[in-house]
Each structure stands twice: as structure tokens, then as C-alpha cells.
Amino acid sequence: MTPDDEDLRPYFDAAAQNLTFNSPLGAARAADLVERLAPPTPDAHVLDLGCGSGELLLRLCERHGLAGDGVDRAPADLERARQRARTRGLGDRVAFHEGDATTWDTTATVVLNVGAGHIWGSAPAALTALHRRTEAGGRLLFGDGVYDAEPDAAVREVFGDLPDLAGLARAATDAGFRVLHAAASSQAEWDDFESDWRAGIERLGTPGARAFSDQRRDEYLGGYRGVVGFAWLVLTPA
Ligand SMILES: C[S@@+](CC[C@H](N)C(=O)[O-])C[C@H]1O[C@@H](n2cnc3c(N)ncnc32)[C@H](O)[C@@H]1O
């Protein structure tokens, strides 16, 4: 069950529409990350690859007076991002581009990649690619799935081979980063994310939407809750 299944696309779009962040990220952690990502120079530029609706990019640029670019391939998410930018008076400083993040070739002082490491196929491949996009002395925020506990066969089939938090930090080091901060989303952040995600689908009000939402709830509560975690790494090129 992935957003690449065209039949399911309307459900994934409806879910995203209801979210502030399309990842298990609560307000307190978002504020903390925005402070941790304060750039070394005031003229720093931010690049968010797989930005979705752009909320973290916008908060970072707003807080530190920065300019930035967000790249995503989902037009509906990008339109929401542009609307958010205009509403907050950031329309002239933060631009959102439709495209494949793997082909984006500029660098930035602060690079964000949250819930979108799969774009490069695996976390190690993503970290290697993102190292090339992160300027010396800069920061990369890498947020991605990890296993907090041994998955059963059904969970592994959906989520594949994920590292644990320590393994992800090692992959970052192997890709040429120093790890400045390593943390994981709390169970409460996951529970809120899952229920907000399902609420967007339920709003469609069709039997199919309700059945899809119920299926996701069962898969979460009876399967990957407490097993699939979400790691947050703040990294700098070594
Ligand atoms: C789980 S969402 C995370 C969005 C955002 N970073 C956030 O945390 O709210 C993953 C995003 O990656 C985007 N994506 C997937 N493949 C992509 C690609 N090849 N190029 C650009 N964006 C892509 C999706 O459209 C989606 O918005």
C-alpha cells in the first residue's frame, strides 16, 4: 500500500490535506528542530527535498529570516505550500517547485529531507545524495523510518529493511556526516499522526474511504505501532 498505487492516490491526497506535517512530528519537536537548524550565517539558503506542504521549511525560514526552495512531485501538496507561504508573507522568499528531487542539483546551507529518504531507494543512498547537496559547515535534517523493535514478516513486507536508530546514525557517519543530534518521535507523536492521517480520509465520507481508513488503523494498532519508529538526525558534513 503505497501512494504509487494510482487507485489509492485520492486517499493519500486526502490524508495529506488534513496534516500540518506529513510525518510524526509534534509542535514541541518542530520548534526544537527549528532552533537546532539555526544556520551559521544570516544569508543561508534552505532546500527541502520532498517538502510536501512545506510547513517545516516555512517555519525555519520565518524564524531565522531565510530564503528557501522546496521540491516535491505532488502538485496538490505544493499548492498548499504556496498558499501557506502567501498567507504568512513568505511568498517572495520561499519558492516551491514541482519536480523529481533526485534530479535537483543545487546545494544549500540547510537541507531538509523528512519522510522522503525513499526517493533515493534507501536511507544510505539518500544520505550519500544529500551529502552532495549540503554545503560545508551547513546542516542536514534527515527524518526517516527506523525499526524500534523486531518487525514480523507482515510489517517487514510493507516497510522493508529499515535500520534501527543506531544503524541510521552509522549510515549518516558512513555517508560523511557528523551526528549533532539524534532523536526519535514519541509514541504520542505517532498516535496523533496516524489518527490525523486517517481523519483526512474519513472526511471523504464514502464507504471505500472508511474501509481504507479502518484497514490502516488495524495495520497500525495490530502491526507496526511501537515497531516502526521515526528518527530525527541533525547532521553536518564531517
Ligand atoms: C511522507 S511525505 C513527507 C512530506 C514532508 N517532508 C513532511 O514531512 O511533511 C513524502 C513526500 O515525498 C514526496 N516525493 C516522493 N517521491 C518524490 C520525488 N521523486 N521527488 C520529489 N518528491 C517526492 C511526496 O510527494 C511526499 O510529499
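Everything numeric here is computed off the predicted structure, so don't read it as measured data.

A.B. asks: Let's hear about the sheet that holds strand β4 (residues 108–114): which residues, and what values?
C.D. replies: Read across the open sheet, the seven strands follow the order β3-β2-β1-β4-β5-β7-β6; overall the sheet is mixed. Strands with a single pairing partner mark the edges of an open sheet, and in this sheet they are β3 (94–98) and β6 (177–184). Adjacent strand axes in the sheet meet at a mean angle of 15°, parallel and antiparallel pairs treated alike. Across three bridges, the pairing between strand β1 (residues 45–49) and β4 is parallel. By the bridge assignment, V46 is partnered in β4 with V110.

A.B. asks: Tell me about the site of the ligand, and please be specific about residues and values.
C.D. replies: Residues in close proximity to the ligand total 18 residues, the closest being N22, G50, D72, A101 and V114. A distance of 2.8 Å separates a nitrogen atom of the ligand from a polar backbone atom of G50. Interatomic distance of 2.9 Å between a backbone N/O atom of A101 and a nitrogen atom of the ligand. In isolation the ligand has 590 Å² of accessible area, and contact with the protein removes 85% of it. Residue composition of the shell around the ligand, grouped by class: seven nonpolar, seven polar and four charged.

A.B. asks: So what's going on with the packing of helix α8 (residues 187–202) against helix α9 (residues 207–224)? Residues and values would help.
C.D. replies: As a packed pair, α8 and α9 sit with axes 8 Å apart at the nearest point and diverge in direction by 165°. The angle between the axes of α8 and α9 places the two elements in the roughly antiparallel class. α8 and α9 meet at a crossing whose hand is right-handed. The segment α8 lies against α9, with Q187, W190, D191, F193, E194, W197, R198, I201 and E202 engaging A209, R210, F212, S213, D214, R216, R217, Y220 and Y224. Residues that form the contact of α8 with α9 fall into these classes: eight nonpolar, two polar and eight charged.

A.B. asks: Pulling in residues and values, what's your account of the packing of aromatic side chains?
C.D. replies: On inspection of all chains with the given rule, the structure shows 10 aromatic pairs. By way of ring pairs, the aromatic residues F159, W190, F193, Y220 and Y224 are connected into one cluster. Its end group placed over the ring of W197, R216 keeps NZ or CZ at 3.7 Å from the ring centre.

A.B. asks: So what's going on with the environment of P24? Residues and values would help.
C.D. replies: Relative to the assigned elements, P24 resides in the loop between α1 (9–17) and α2 (27–36). As for P24 and F230, which are separated by 206 residues in sequence, their C-alpha atoms are 7.2 Å apart. If near-sequence neighbours (up to four positions away) are discounted, P24 is found in contact with S185, E189, W190, F193, F230 and W232.

A.B. asks: Tell me what's going on with the pattern of salt bridges, and back it up with residues and numbers.
C.D. replies: Side chains that carry opposite charge are capable of pairing whenever their charged atoms lie near each other. On inspection of all chains with the given rule, the structure shows 17 salt bridges. Here E189 makes a salt bridge to R29, at a shortest N to O gap of 2.7 Å. Note that E189 is positioned in helix α8 and R29 in helix α2, a separation of 160 residues in sequence. Notably, a salt bridge pairs E194 with R216, separated by 2.9 Å at the nearest N-O pair.

A.B. asks: Residues and numbers for the nonpolar core, please.
C.D. replies: The tendency in soluble globular proteins is for nonpolar side chains to be buried side by side. Residues V46, L56, F96, L112, L141 and W197 are the most contacted members of the largest nonpolar core, which totals 45 residues. It is helix α3 (residues 55–64) that contributes the most residues to this core, five residues altogether. Every residue in contact with W197, bar those within four places of it in the chain, is listed here: F12, A15, L19, N22, F212 and R216. Counting 23 residues, the second largest nonpolar core, distinct from the first, contains A129, L140, V146 and L168.

A.B. asks: I'd like to hear about helix α7 (residues 165–174), residue by residue, with values.
C.D. replies: For α7, every residue scored as buried is listed here: G167, L168, A169, A171 and A172. In this fold, the buried residues of α7 make contact with α5 (123–133), β5 (134–147), β6 and β7 (228–237). Following α7 by one or two positions, G176 adopts a phi angle in the positive range, close to 105°.

A.B. asks: Would you mind going over α8 in detail, with residue names and values included?
C.D. replies: Taking 1.5 Å per residue, 16 residues should reach 22 Å; α8 reaches 22 Å between its end C-alpha atoms and fits that length. E189, W190, F193, E194, W197, R198, G200 and I201 are the residues of α8 that are buried. Considered in projection along α8, the buried side chains sweep an arc of 155° and stay on one side of the axis. Next to the buried residues of α8 lie α1, α2, α9 and β7.

Scoring rules and cut-offs
Residues numbered from 1 in each chain as written. Predicted model: local features only at pLDDT ≥ 70, side-chain atom pairs only at ≥ 80, totals over all residues. Heavy atoms only, no water. Pairing = 2+ DSSP bridges. Helix = DSSP H or I, 4+ residues; strand = E, 2+ residues; numbered from the N terminus. Axes fitted to C-alpha atoms, helices over the stretch in contact; angles between N-to-C directions. Near = heavy atom within 4 Å. Polar contact = N/O pair within 3.5 Å; in protein donor to acceptor, adjacent residues only side chain to side chain. Areas by Shrake-Rupley, 256 points an atom, 1.4 Å probe, with all protein chains shown as cover. Nonpolar A, V, L, I, M, F, W, Y, C, P; charged D, E, K, R; others polar. Parallel < 35°, antiparallel > 145°, perpendicular 65-115°, else oblique. Left-handed = near helix turned anticlockwise from the far one by under 90°. Contact = heavy atoms within 4.5 Å. Phe/Tyr/Trp six-rings, centres within 6.5 Å; stacked < 30°, edge-to-face > 60°. Lys NZ or Arg CZ within 6 Å of the ring centre and 35° of its normal. Salt bridge = Lys/Arg side-chain N within 4 Å of Asp/Glu carboxyl O. Core = buried A, V, L, I, M, F, W, Y, C linked by side-chain atoms within 4.5 Å. Buried < 20%, exposed > 50% of the residue type's maximum accessible area, 1.4 Å probe, protein only. Expected span 1.5 Å × (residues − 1). Arc of directions from axis to C-beta.

Purely geometric numbers; function is a separate question.
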